[in-house]
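Analysis of the macromolecular model
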Amino acid sequence: MNRDFLTRGVGMRAVGVVDKPKTSIRKMSAPGLALAALVAAAPVQAKELLYLTDAVPGGLDVDGPTSSSASSQFGLATLLEPLVYYKRVKQENGIDTYDFSQFEGRLAESWDYDEKTLTWTFRLRRNVKSCEGNPFTADDVIYTFARALSTSGAGAISWFVASTGSIAGFTPAVFGNTPEAIEAKKLTDASVRKVDDYTIQIRQSVANKLLLVALTQNSLGIYSKAEMQARATPQDPWAHDYTNNVGAPSFGPYCLVRWQKEKEFVVRANPSYYRGPADIERVNVQRVAQSSQRMVLLRSGNAQLVDRLTPREFESLNGAKGVRVVSVPSNASLSLLLNWRKAPLENIKLREAIALAVPYDSIIKNVYFGKSKKFDGVIPSIYPNQYTPANPRNTDLNRARAELAAAGYPEGKGLEAVADSFKLSYPIEAESVLGPTATLIQSSLRQIGIPVVLNPIPLAQLLDRALVKRDLEMFLNDFSKAVGMDSAIAIQLYFITKEKGGVANYAGYSNAQFDELFLTKAKNETAEPARSDMLKQIQKIAYDQVAMVPISENDLQWAMSEKLGGVGFHPEHVLRLYDLKLAD
């Protein structure tokens, strides 16, 4: 039976049609029925899906402070439509698979490339309408790229994605408030040009294989210019406040009905969607903080889809009546980031000691129950041209103590003076997995004399400090990933100096040789195997300098009704609701 999740509260902001709750509250006295009070039967008029997760979108701005979180990426993927996407090739055991080397048109119907002028010409789809009924034209594309080049949001994520494709003008010259930087923030025809209402041209500054990869990403999803400009203000000309708090008008398969941060995200199928209306007419995404409650609601049949359960909970659902668990290899990973800006963490010997003290096998066995493998390198193995060291680091407390002494802190003596640098942060929302992980790391590092203190904080606060303030000392990162499926994008995202385009360089890694080798050689190399060799050489530099401490590569898992199909792996770890099919 389809059900609608019980919603309470007032002051909900919405885009499109606002539904009135159809449910009523029924009091139940028995403790065992407490969870049942969360759901109530609703009239079945069309297919509906109840999706329970640990967080709903914290923002819908591609450059917002929460844009890197999986929950916000889900909202963007649901509402925004890209110009192109990867080609869907088949389904195995109910799981969609994609060929990340092939592309198909979305808002762009076709394209061609002129090697002499480095110019891409995209022919856009006609008769496409937004949820508000606005026709899609080249003006919407120009607006979206102009907004990206403005670097006016909390983060410059959309600028970064465009820069990975070497789109002309998307260079570090835009950073700052000098007259030159202000002028560089203005989009010109030399970068992205409107040819006519249904044709645009994008020019690259240098040859680069990554333009189409960049255009698949949510960060360059196309906003509806008319709706965005209607919400602009003199203080916020690019409507960042609106997208962070109210909605994301676009041309996607679903329209936003109701969004209450920390509680719910409700969408309905766009009846005018150019690929045809979605199979599931309404999707109600609800935040249920406790993974055990999500699991119970799925098993009872009240919910059809849940995620972010613990590995043990996923294991317990295998064989459950009416339920199936999907587990797929992915680019999901866990790493420990050490802030190079915080003394004494810039000391390479200290970082080496920390890396040698992390209890890798214990984490994989006791936290992930074998649904992961050791992460060796600085980029997960699923990416093309990934480098795996011949002799990766393993847990070795004796070597760790020796490195700590070489760093000038034998048995940890002297570290008490800089104890604040050893606060180990992680998102409190992921306490069930990252809490035990952090505890294992704390215990192991304390054995060699490093005074680690656990510091769980809300994900929104962690993202703000990691992406905007950049002042976290140490933190566990299991949420951030390079969405573009290429090692070059991951390198630029995480390890290039911030001033030269490393927008998610959370740890503040800085190496002039590294920057030079990537930005002037590897990024612009198109011939193989020269490109692959350079990318691996660059990754080796980062690994040897402990630019991060890789811990594990993890499977992505979902649990769902056996009637639900169309689940697939996408690089940002969020499902495409349009692909889902719910049997009657």
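Note that the coordinates shown come from a computational prediction; the quantities given were computed from them, not determined experimentally.

**Some thoughts on the layout of surface pockets**
- Within this model, the largest pocket holds a volume of roughly 910 Å³.
- Forming the boundary of the largest pocket are 42 residues, of which D54, D307, R308, L309 and D478 lie nearest the centre.
- Sorting the residues of the lining of the largest pocket by element identifies β3 (48-53), α1 (70-79), α8 (291-299), α9 (311-317), α13 (431-447) and β21 (556-561) as the ones contributing at least two each.
- For the lining of the largest pocket, the residue count by class is 23 nonpolar, nine polar and 10 charged.

**So, the pattern of salt bridges**
- Summed over the entire model, instances satisfying the criterion amount to 25 salt bridges.
- When the shortest N-O distance is used, the salt bridge between D139 and K194 registers 3.0 Å. Placement of D139 in helix α2 (residues 138-150) and of K194 in strand β8 (residues 192-196) is noted, with a sequence separation of 55 residues between them.
- Assessed through its relative accessible area of 29%, D139 is described here as partly exposed.
- We classify K194 as partly exposed; its relative accessible area is 33%.
- The salt bridge partner of K540 is D544, with a shortest N-O separation of 2.7 Å.

**Observations concerning the nonpolar core**
- Within the largest apolar cluster, 127 residues are counted, with the highest numbers of intra-cluster contacts made by L83, F122, L124, F145, L215, F265 and W558.
- In this view, F145 contacts L83, I167, F170, L187, V192, I202, L215 and L220; residues no more than four positions away in its chain are not counted.

**A short note on helix α15 (residues 487-494)**
- Within α15, eight of the eight residues are buried, which leaves the element mostly enclosed by the surrounding structure.
- Within the sequence span of α15, burial applies to S487, A488, I489, A490, I491, Q492, L493 and Y494.
- Tucked into the core, α15 has its buried residues touching α3 (157-164), α5 (211-215), α16 (512-520) and α17 (530-544).
- For α15, the capping residue at the N-terminal end is D486, with a side-chain oxygen 2.8 Å from the backbone nitrogen of A488.

**Points about the packing of α15 against α17**
- The N-to-C vectors of α15 and α17 enclose an angle of 35 degrees; their axes lie 10 Å apart at closest approach. The handedness of the crossing between α15 and α17 is left-handed. Residue-level contacts link S487, A488 and I491 of α15 to R531, L535, I538 and Q539 of α17.
- Its residues assigned to classes, the contact of α15 with α17 shows four nonpolar, two polar and one charged.

**Re the packing of aromatic side chains**
- In this structure the tally under the stated criterion is 25 aromatic pairs.
- Aromatic side chains Y273 and Y274 sit 4.8 Å apart centroid to centroid with 55 degrees between the ring planes, which places their arrangement in the tilted category.
- Here the aromatic rings of F475 and F479 are separated by 6.4 Å at their centres, their planes lie at 15 degrees, and the arrangement is stacked.
- What links up through ring pairs into an aromatic cluster is the set W340, F475, F479, Y494, F495, Y506, Y509 and F514.
- Seen from the ring of W340, R351 lies directly overhead, with NZ or CZ sitting 3.6 Å from the centre.

**Re the state of the cysteines**
- Taken as a whole and judged by the stated rule, the model has one disulfide.
- For C131, the disulfide goes to C255, at an S-S distance of 2.0 Å. Linking C131 and C255, the disulfide has an S-S dihedral of approximately -90 degrees and is accordingly described as left-handed. Highlighted residues: C131 in the loop between β7 (119-124) and α2 and C255 in strand β10 (residues 254-260), separated in sequence by 124 residues.

**A word on the sheet that holds strand β19 (residues 474-477)**
- The six strands lie next to each other as β16-β20-β15-β19-β17-β18, forming an open sheet whose pairing is mixed. A single partner strand is all that each edge strand has here, and the edge strands are β16 (372-374) and β18 (453-457). Going from strand to strand, the sheet's axes swing by 25 degrees on average, the running direction of each strand aside.
- Sheet topology places strand β15 (residues 333-338) next to β19; four bridges connect them, and they run antiparallel. Residue pairing in the sheet places L338 in a bridge with M474 of β19.
- Running over the sheet, α13 touches β15, β17 (423-427), β18, β19 and β20 (549-554) and is turned about 165 degrees from β17.

**Structural notes on the confidence of the model for the protein**
- In the predicted model, the protein carries a mean pLDDT of 90, and the fraction of residues at 70 or more is 92%.
- With pLDDT under 50 throughout, residues 1-44 is counted as low confidence; its partners more than four residues away or in other chains account for 81 contacts.

**Remarks on the pairing of β21**
- Among the six residues that make up β21, six are buried, leaving the element largely enclosed by the rest of the structure.
- The pairing of strand β13 (residues 305-307) with β21 spans three bridges and is antiparallel. Bridge assignment links V306 to a residue of β21, and that residue is A559.
- Two strands pair when backbone bridges link them, and strand β14 (residues 323-328) and β21 are joined in this way by six bridges, in the antiparallel orientation. Along β21, the bridge assignment pairs V325 with A559.

**Describing the environment of D189**
- For D189, the location among the structural elements is in the loop between α4 (179-184) and β8.
- D189 sits 315 residues away from A504 along the chain, and the two C-alpha atoms are 28 Å apart.

**Observations regarding the sheet that holds β21**
- In space, the seven strands of this open sheet follow the order β10-β11-β12-β3-β13-β21-β14, with mixed pairing throughout. Strand pairing shows two members of the sheet lacking a second neighbour, β10 and β14, which therefore form its edges. Within the sheet, the average angular offset between the axes of one strand and its neighbour, ignoring direction, is 20 degrees.
- Across five bridges, strand β11 (residues 264-269) lies against strand β12 (residues 282-287) in antiparallel orientation. Bridging from a neighbouring strand, E264 pairs with Q286 of β12.
- Seen against the sheet, α1 touches β3, β10, β11 and β12 and runs at an angle of roughly 15 degrees to β11.
- Where α8 meets the sheet, it contacts β3, β13, β14 and β21, and its direction lies at approximately 160 degrees from that of β13.

Analysis parameters
Along every chain, residues carry numbers that run from 1 in the direction the sequence is written. Only residues with pLDDT of at least 70 are given local features in this predicted model, and only at 80 or more are side-chain atom pairs given and counted; all residues enter the totals for whole chains, interfaces and linings. As a rule here, side-chain values come from all non-hydrogen atoms in the structure, and water together with hydrogens is ignored. Put plainly, a pocket is an open set of points on a 1 Å grid over the protein atoms alone with protein on both sides within 12 Å along at least five of seven lines, a cavity is a set where a 1.4 Å probe fits but cannot get out, and a lining residue has an atom within 4 Å of a point. Grid points are joined across faces, edges and corners, and a volume is the space filled by probe spheres set on the points. Comment: elements are numbered from the N terminus, with helices defined as DSSP H or I runs of at least four residues and strands as E runs of at least two. Polar here means any residue outside two lists: the nonpolar Ala, Val, Leu, Ile, Met, Phe, Trp, Tyr, Cys and Pro, and the charged Asp, Glu, Lys and Arg; Gly therefore counts as polar. One side-chain nitrogen of Lys or Arg within 4 Å of one carboxyl oxygen of Asp or Glu is enough to make a salt bridge. Exposure classes here rest on a 1.4 Å probe applied to the protein chains alone. A residue is buried below 20% of its type maximum, exposed above 50%, and partly exposed in between. Residues belong to a common nonpolar core when they are buried Ala, Val, Leu, Ile, Met, Phe, Trp, Tyr or Cys residues joined through side-chain atoms within 4.5 Å. Any pair of residues with heavy atoms lying within 4.5 Å of one another is described as a contacting pair. What qualifies as a polar contact is a pair of N or O atoms within 3.5 Å, subject to a donor-acceptor requirement within protein and to the restriction that residues adjacent in sequence count only when both atoms come from side chains. Structural elements are reduced to axes, namely lines fitted to C-alpha atoms, with helices fitted over the stretch in contact, and the angle between N-to-C directions of any two is expressed from 0 to 180 degrees. Crossings are sorted by hand: turned counterclockwise from the far helix by less than a right angle, the near helix makes the crossing left-handed, and turned clockwise it makes it right-handed. Whether two aromatic rings pair depends on their centres lying within 6.5 Å, for rings of Phe, Tyr and Trp, where Trp uses its six-membered ring; planes under 30 degrees apart make the pair stacked, over 60 edge-to-face, and the rest tilted. Placement of a charge over a ring requires the Lys NZ or Arg CZ to be within 6 Å of the ring centre, with the centre-to-atom vector within 35 degrees of the ring normal. Only a pair of cysteine sulfur atoms within 2.5 Å qualifies as a disulfide here. For two strands to pair, DSSP has to find at least two bridges joining them. A residue's pLDDT is simply how confident the predictor is in it, with values from 0 to 100.

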